[in-house]
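# Observations on chain architecture
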2 protein chains.
Amino acid sequence: MNQHASHKPDYEKELRRAGVRITRPRKVILRILTETDDHPDAMEIFQRASAIDPSISLSTVYRTMKLLEEMGAIHRHAFEGGRARFEQADGEHHDHLIDIDTGDVIEFHSKRIEELQEEIASALGYDIVHHRLELYGRKRKRS
Amino acid sequence: MNQHASHKPDYEKELRRAGVRITRPRKVILRILTETDDHPDAMEIFQRASAIDPSISLSTVYRTMKLLEEMGAIHRHAFEGGRARFEQADGEHHDHLIDIDTGDVIEFHSKRIEELQEEIASALGYDIVHHRLELYGRKRKRS
DNA sequence: CTTTTTATTGCAAACGATTTGCAATTGCAT
DNA sequence: ATGCAATTGCAAATCGTTTGCAATAAAAAG
């Protein structure tokens, strides 16, 4: 249901091409990102990184996330509730269903909804630059 | 398509019923809200209020917005870009198209999209508690 | 492999939006 | 009018995130 056969992106190569240095902290953070398939926030990444190398600072996590975001390697999501959450930018576009009890994120995509969005914007005289569709829900109890 | 003939809500009556005092600052803020048909943020409300009564504080604006939100009289939206924006909660549910150049907000509603959202959540085993659909766009140039 | 250059780091302080503690004020019921 | 709890303004605190700066460490040069 969620094992994405995503050809794990070679962040290091991308970074090198972007002309930035492959430092120890960055290596650790990149490793965490490639090994992760949830949507961690900066603090979670920081904690996972600290477990590997306690000298890594939260600032560096933020700086690295910003860097990767600008390179287009990751996406930043401002779901409800404080912290921004990140995900690898490998796959195609999708929207999110957030479990309001656990914070779990499920990705989904609806071509039909996207079409309808386009129609609506168009009817209002607009071109969509980007959009945000988030469903906040609770796991159904009885089937 | 979107001209809401909103029967302007009597906030004062609602507040009184909720057992809170009708103070001078609150009167001013309520007046601003009823006279407004855009989606102002706290700072804008504060500035408009200051023009009427310079002694009103930003804290009071925030406190009043929170109060009204808890009463269900207004909705708070966390669109992109810092500040939360508010709108009267009179009409029926709608989503938003935000003009990324001007910040203008256009309300729209699509029964079809809502149905599709339900289908998706349902297929994933979830009940939707609430959702967020925001289109960020730019006014189309050539018709 | 040492030196040089310059990006990157950790830290603490700054940030912007919002909330809060507190003492002074004010609605409003008596 | 009187009394008291609700409300205010202010300043300080909060939370997530960003930033200035001096110290450090990649990678380039020799």
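Computed from a prediction, not measured in an experiment: that's the story for all the values here.

Before going further, it helps to examine the pattern of salt bridges. Per the stated rule, a full pass over the model turns up 24 salt bridges over all chains. Here Arg76(B) and Glu69(B) are joined by a salt bridge, their closest N and O atoms 2.9 Å apart. Arg76(B) sits in the partly exposed class, given a relative accessible area of 34%. With a closest N to O distance of 3.0 Å, Arg138(B) and Asp101(B) form a salt bridge. Of this pair, Arg138(B) sits in strand S5 (residues 126-139) while Asp101(B) sits in the loop between strand S3 (95-99) and strand S4 (105-108); the two residues are 37 residues apart in sequence, bridging distant segments of the chain. The class of Arg138(B) is partly exposed, set by a relative accessible area of 41%. Look at the salt bridges and you will find they share partners, linking Lys111(A), Arg112(A), Glu115(A) and Glu119(A) into a network.

This part is about helix H3 (residues 42-52) of chain A. Residues and elements named next belong to chain A. Of all the residues in H3, the buried ones are Ala42, Ile45, Ala49 and Ser50. The arc that holds the buried residues of H3, viewed along the axis, is 135 degrees, so those residues lie on one side. On its buried face, H3 is in contact with helix H2 (24-35), helix H4 (58-71) and strand S2 (85-88). Between a side-chain oxygen at the N-terminus of H3 and the backbone nitrogen of Met43 the separation is 3.0 Å; the capping residue is Asp41.

Conventions and cut-offs
Residues numbered from 1 in each chain as written. Chains lettered and ligands numbered in written order. Predicted model: local features only at pLDDT ≥ 70, side-chain atom pairs only at ≥ 80, totals over all residues. Heavy atoms only, no water. Salt bridge = Lys/Arg side-chain N within 4 Å of Asp/Glu carboxyl O. Buried < 20%, exposed > 50% of the residue type's maximum accessible area, 1.4 Å probe, protein only. Helix = DSSP H or I, 4+ residues; strand = E, 2+ residues; numbered from the N terminus. Arc of directions from axis to C-beta. Contact = heavy atoms within 4.5 Å. Polar contact = N/O pair within 3.5 Å; in protein donor to acceptor, adjacent residues only side chain to side chain.

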